[in-house]
Every structure is written in C-alpha cells, then in structure tokens.
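Structure assessment
Given next are the chains, with one letter for each unit.
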Amino acid sequence: LNGVYSLPAVNATLNALSTVFLVAGYIMIRQRRPGVHKVCMLGAFGCSMLFLTSYLVYHYYVGSMPFPGSGLIRPLYFSILISHVTLAVLVPPLAIMTLWRAWKERFQAHARLARWTLPIWLYVSVTGVVIYLMLYQLIEHRIRPDTAFLFATELVQINALSKQPIVPASREAREIKCAPYTQFI
C-alpha cells in the first residue's frame, strides 16, 4: 500500500503528458495531419483516463491532503484548485463527445465542440500539475504522528538529506517536520 503515496507524482506526470499530447494534437490538425492528430488526441484521452483512475485510487486510500501554505499563497492555491475542480468535471463528457463526433466522422460538429473542449482540457491538465507542485513540492509539510511513516511499529523521523530513518521519535511527539512525503517513497 506504500505505493499509493507515489500516486500524486504519477498523476502530475499523466497530466503533463496529457498536456503535451493536447498541444501536439492541436499543432498536427493545424498542419493538416489528421492521422497524427488522432494519435495525439487518443494519447491525451488515455493519459487523462489513467489519471482519473489513479486519482480515485489515491483518494480512496489516502483521502485529501490539506494545503499547508499560509499567507498570499493560500488564496492563490484555492482559486486555482476551485477553478480546476469545477472545469475538471466537464472534461470527461466533453472529451468523450468530441472524440465520438470524430469517430463518427462528423468533423464539423467535432471541430465546433473541440474549440471548447481543448482550452478547458488544457487548463485542467496544466493546473493539475501546478496544484501538485504547490501541494506536494513547494510547501514544507508538517505530518502528524498518526499519519507519519511507521517503521517496525515505531514512529521514526526521516533525515531529509539521506532519506533514511534516524532517531526514533517519542509517541508523544506532536509534529514531525519533514519534506514532502512523496520524496521518501
């Protein structure tokens, strides 16, 4: 089950790959290369579906991660998160409808819908990576003892440089200051 803690990084990678496929697909259709466009868009859809599966698995086992930042970064984070989540709900049905129209060779209807689908999908993919960076990489986390790493049933502090367990912490410890946990797994 420890592998589930690496899923946020996997999710960010899938979002980044989806972004690359979307941009490449757009460029290919502008260059009138529909075969390559199709491959790129199916790649973006595949990455997004893998992301959705991985995202649901992670949140089933781990739940949500509270944002640890304070100050001006906090409202910035939540404004990005709220717009991301709101638009993310639209991506699967829009992407499916857009792909379906292309599959049925209804290319004019496909193009009309794609003009809406592409920017929303791109925004969601890019902000997914930004949210990952803000939540797991840019802000130092304080992990409660009941959610910290357990080694041999003892609570252990992690040396941020060597990533090795060091002095066992007391069970009474209130917080452990460490870098984002995804670096240790």
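Heads up: these notes are all about the structure in this document. Just so it is clear, the structure is predicted and the values come from calculations on it, not from any experiment. Every chain's residues receive numbers from 1 upward, in the order its sequence appears when written. The model is predicted, so local features are restricted to residues of pLDDT at least 70 and side-chain atom pairs to those at 80 or more, both for listing and for counting; the totals for chains, interfaces and linings are taken over all residues. Side-chain calculation: all heavy atoms of the structure are included, whereas hydrogens and water are not.

**Here we look at the packing of helix α1 (residues 7-30) against helix α5 (residues 107-137)**
Angles run from 0 to 180 degrees between N-to-C directions of axes, and those axes are lines fitted to C-alpha atoms, restricted for helices to the stretch in contact. Only DSSP runs of H or I reaching four residues or more are called helices, and only runs of E reaching two or more are called strands; each is numbered from the N terminus. Viewed as axis vectors pointing N to C, α1 and α5 meet at an angle of 150 degrees, and their least axial separation amounts to 9 Å. Relative to α5, the element α1 is oriented roughly antiparallel. When you trace α1 past α5, the crossing you get is left-handed. Here Pro-8, Ala-9, Ala-12, Asn-15, Ala-16, Ser-18, Thr-19, Leu-22, Val-23 and Tyr-26 of α1 come into contact with α5, specifically with Leu-118, Trp-121, Leu-122, Ser-125, Val-126, Gly-128, Val-129, Tyr-132 and Tyr-136. Among the residues making up the contact of α1 with α5, the classes are represented as 14 nonpolar, five polar and no charged. Oblique is the label for every angle not falling under 35 degrees (roughly parallel), over 145 degrees (roughly antiparallel), or within 65 to 115 degrees (roughly perpendicular). Less than a right angle of anticlockwise turn of the near helix away from the far helix marks a crossing as left-handed, whereas a clockwise turn marks it as right-handed. Here, two residues are considered to be in contact whenever any of their heavy atoms come within 4.5 Å of each other. Side-chain classes are defined by residue name, with Ala, Val, Leu, Ile, Met, Phe, Trp, Tyr, Cys and Pro counting as nonpolar, Asp, Glu, Lys and Arg as charged, and the others, Gly among them, as polar.

**A look at the packing of α1 against helix α2 (residues 34-61)**
Where α1 contacts α2, the axes come no closer than 8 Å and their chain directions differ by 160 degrees. Considered as vectors, α1 and α2 are oriented roughly antiparallel to each other. As for the relative orientation of α1 and α2, their crossing is left-handed in sense. In terms of residue class, the contact of α1 with α2 is made up of 22 nonpolar, eight polar and no charged.

**Quick word on a nonpolar patch on the surface**
A surface patch of nonpolar side chains, amounting to about 320 Å² of accessible area, comprises Val-23, Tyr-26, Ile-27 and Ile-29. Any residue under 20% of the maximum accessible area for its type is buried, any over 50% is exposed, and the rest in between are partly exposed; the area is computed with a 1.4 Å probe on protein chains only. Overall, the relative accessible area of 41% leaves Tyr-26 in the partly exposed class. A residue counts toward a patch only above 30% relative accessible area and without a salt bridge, and it is joined to like-charged neighbours within 9 Å or, for Val, Leu, Ile, Met, Phe, Trp and Tyr, to nonpolar neighbours within 5 Å. All accessible-area figures derive from a Shrake-Rupley calculation using a 1.4 Å probe, and residue coverage is judged against the displayed protein chains alone. What makes a salt bridge here is a side-chain nitrogen of Lys or Arg within 4 Å of a carboxyl oxygen of Asp or Glu, nothing more.

**A closer look at the packing of aromatic side chains**
In this scheme Phe, Tyr and Trp rings, the latter by its six-membered ring, pair at centre separations within 6.5 Å, and the angle between planes marks the pair as stacked below 30 degrees, edge-to-face above 60, and tilted otherwise. Summed over all chains, the structure comprises six aromatic pairs. Their ring planes at 35 degrees and their centres at 5.6 Å tell us that Phe-51 and Tyr-55 sit as a pair that is tilted. Here Phe-51 pairs with Tyr-55, and both are found in helix α2, just four residues apart, close to one helical turn. A residue is classified by how much of its surface remains accessible, and Tyr-55, at 34% relative accessible area, is partly exposed. With centroids separated by 5.0 Å and ring planes inclined at 80 degrees, the aromatic side chains of Tyr-77 and Phe-78 adopt a geometry described as edge-to-face. For Phe-78, a relative accessible area of 31% gives the class partly exposed. These aromatic residues form a ring-pair network of at least three members: Phe-67, Tyr-77 and Phe-78.

**Quick notes on the layout of surface pockets**
Points on a 1 Å grid, built from protein atoms alone, make a cavity when a 1.4 Å probe fits but cannot get out and make a pocket when they are open with protein on both sides within 12 Å along at least 5 of 7 lines; residues with an atom within 4 Å of a point are the lining residues. Grid points are joined across faces, edges and corners, and a volume is the space filled by probe spheres set on the points. A volume near 930 Å³ is recorded for the largest pocket. Along the wall of the largest pocket there are 26 residues; nearest its centre are Ile-29, His-37, Ala-102, His-110 and Ala-114. Residue classes in the lining of the largest pocket are distributed as 16 nonpolar, five polar and five charged.

**Notes on the environment of Arg-115**
In this structure, Arg-115 sits in helix α5. Looking at Arg-115, the relative accessible area reads 59%, which means it is exposed. Counting along the chain gives 17 residues from Arg-115 to Thr-98, while the straight-line C-alpha distance between them is 9.7 Å.

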